[in-house]
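# Structural overview for review
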Amino acid sequence: VIAIAKKVGAVLGNATDGTNLLLETAAVESSMGTAWNKKGNINRASGEGFTIGPWQVTTTALTDINSRVGDPFHKGMARNIAKFKQYDWAKDIPFGKVTEDDLKDPLINAVYARLYYTLKEGDIPKTPEGRAKYWAKKYNTPEDIHGTPALYMKKFKEAKKAGHIK
């Protein structure tokens, strides 16, 4: 998960903050990829939807990104995907056709998590505290009452203590 976060985080510019955001998101969402159901999870708050992978990408995120691929109104998504396709490791990702099953691949999961973050307004904050608020507001689902900046900071500190995050 760490190597993937570093690889994916560096693609869209602002490599340090992008990488930190992906590392910290994996820490919060799946304890650095060690605690996620390989079959996926139903949203525990609403009983609907689906999340999977180290970055717990949701069906909403998957559908949102897939629907923007090739849409002339979403040129930013096309530019971001083109940046990923410059790398051999991303050439075989079926952008626009990624399925829930594809999201079991940690690389695809990370790429879609990073693309989902690009759909949100605002730059990635430079501090863990700022990224905690950013994640809670822009990535976490509103139905998840546990997805707070405090939880993010707790998981960040655990991952840092374990040496996963600097």
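Coordinates for the structure precede this section.
Residues numbered from 1 in each chain as written. Predicted model: local features only at pLDDT ≥ 70, side-chain atom pairs only at ≥ 80, totals over all residues. Heavy atoms only, no water.

## Focus on the packing of helix H1 (residues 2-9) against helix H5 (residues 106-118)
H5 packs onto H1 with a crossing angle of 40° between their chain directions and a minimal axis gap of 10 Å. Put simply, H1 runs oblique to H5. For the crossing formed where H1 meets H5, the hand is right-handed. Seen from H1, the contacting residues are Ile 4, Lys 7 and Val 8; seen from H5, they are Pro 106, Leu 107, Ala 110, Val 111 and Arg 114. For the contact of H1 with H5, the residue count by class is six nonpolar, no polar and two charged. (Axes fitted to C-alpha atoms, helices over the stretch in contact; angles between N-to-C directions. Helix = DSSP H or I, 4+ residues; strand = E, 2+ residues; numbered from the N terminus. Parallel < 35°, antiparallel > 145°, perpendicular 65-115°, else oblique. Left-handed = near helix turned anticlockwise from the far one by under 90°. Contact = heavy atoms within 4.5 Å. Nonpolar A, V, L, I, M, F, W, Y, C, P; charged D, E, K, R; others polar.)

## Brief notes about the pattern of salt bridges
Evaluation of the coordinates by the stated rule reveals six salt bridges. Residues Glu 24 and Arg 131 are paired through a salt bridge, measuring 2.8 Å at the closest nitrogen-oxygen approach. Of this pair, Glu 24 sits in helix H2 (residues 15-30) while Arg 131 sits in helix H6 (residues 128-138), placing them 107 residues apart in sequence. You can call Glu 24 buried: its relative accessible area is 1%. For Arg 131, a relative accessible area of 2% corresponds to the buried category. (Salt bridge = Lys/Arg side-chain N within 4 Å of Asp/Glu carboxyl O. Buried < 20%, exposed > 50% of the residue type's maximum accessible area, 1.4 Å probe, protein only.)

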